[in-house]
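The chain contents come next:
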Amino acid sequence: MPYPVNDTYSALSGAGIGGGRHIGPAWLRAAPIGQWSPVPGTALSTSGAVYNWGGSIPGEIRNIVYGWGGWAVDYATGRIWLQGGGHSDYGGNEVYCLKMGLDVPVWSRVIDPTPMAQATRFIDGGTPHSHWNSDGTPVASHLYWNAHLIGDVIFRSPFYADFGQTIAGRHAFAPYNETRLHGFNVVTNTWDSPTARALLPNFNPATLGDAGVGYYAVTDGQYYYAMLSDGVEYKLRRFDPVANIWSAVGPGLDPAMLQFDGYPGALYDSLRGEMVVVGENSNTVVRRWSLSAGTIINSPRTGIPYAASWDSSYTGCCYDSRRDLYYTYSGLASTDTVLYVCDPKSGYAMSAMPGVSAPALTTPASGLNSRFKYFPAWDCIVMQPTYADPIHVLRLS
């Protein structure tokens, strides 16, 4: 896709964000350059699309966002799909779609949730459960950074934070550890059958807690994940959706390489072919996992540090392939409102985006996760802070 012309932005030189000629939807053309601005009419809470699944655990539709809800994105059309919930936050497994390619973006509910009577609930202290409802659809679960559109299918990793599970009562999933990706077809708006995707081999069925398949996942046409925080599996995994085959990438790694503080975010560096994990506070490194070799490099960060509030902030992060820069924003934006820029070309130097003021909003304790994306065709960053706030956009040129 063509990029806008005459862009003079340079984060490191402090040259600011330059003007240029831009073609895009009306909401983008109306947005000021270099400032966060809301897109009118895009708050999910007032969209008319929501379906309150209800129930005693849980009962609030807002938790489809606050329950570590995440996006899958079609950058070619500007469509965004939202899923979330799980744990004791929200039990509905419906899917929402926002068409950002329209002059006036519109939310829609593309599939209704499984009726409560057919929903499988994790019983704390009782029998481990299946990750599938009785109607063959997957249960609601947290998404973090792991939902990705590949072709016409959104793939997401299950196996943690399933509906009805609470942190205090989590326990082994065995013997129902159905280690398969969930697939949602965006053309037919239907879920895969429970056995449609290949079983992940060599998985530890005695895994405890949220664990299992990774919080951190990226795609380059195949699906990669790594579980980097709970000491479960120190190996990169790859799923080929065409061949329907899982494979391990590279050797197992020293657990000392992977100890994170809290929940940073994952982005795909397409230039270097790496899954890059950013957004940690006390660990002053950028963790780079090669998608071809399966090896990990911890590259020291330089420049300004993140604030202490970044620990467990559920970072929003994305890669600008045009400028070869990483953008990161704290999921706890009420305590740190800086939009950070990380330059891999200059020793992973950290700087603040010049001239950008913070939006007048806060994010929930569950952070941004994958609701923070760079759209290259429009040269802008788009994020969904909360259930009640509109989508916010930052035009870069």
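Everything discussed here concerns the structure shown above.
Residues numbered from 1 in each chain as written. Predicted model: local features only at pLDDT ≥ 70, side-chain atom pairs only at ≥ 80, totals over all residues. Heavy atoms only, no water.

Moving on, we get to the sheet that holds strand β20 (residues 325-329). Spatial strand order, β18-β22-β21-β20-β19: 5 strands in an open sheet with mixed pairing. Each edge of the open sheet carries a strand with a single partner, namely β18 (302-303) and β19 (316-320). Alignment of β18 against strand β22 (residues 349-352), held across 2 bridges, turns out to be parallel. Counted as the bridge partner of T302 is A349 from β22. (Pairing = 2+ DSSP bridges. Helix = DSSP H or I, 4+ residues; strand = E, 2+ residues; numbered from the N terminus.)

The subject of this paragraph is the pattern of salt bridges. In the structure shown here, the tally under the stated rule is 10 salt bridges. Between R288 and E274 there is a salt bridge, and its shortest N-O distance comes to 2.9 Å. Residue R288 is found in strand β16 (residues 285-290), and its partner E274 is found in strand β15 (residues 274-278); the two are separated by 14 residues along the sequence. Comparing R288 with E274, the two get one shared label, buried. A salt bridge links R322 to D379; the shortest N-O distance between them is 3.1 Å. Within this pair, whereas R322 is found in the loop between β19 and β20, its partner D379 is found in the loop between β23 (372-375) and β24 (380-383), the two being separated by 57 residues in sequence. Among the ionic contacts, a cluster of salt bridges with common partners joins D320, R322, R323 and D379. (Salt bridge = Lys/Arg side-chain N within 4 Å of Asp/Glu carboxyl O. Buried < 20%, exposed > 50% of the residue type's maximum accessible area, 1.4 Å probe, protein only.)

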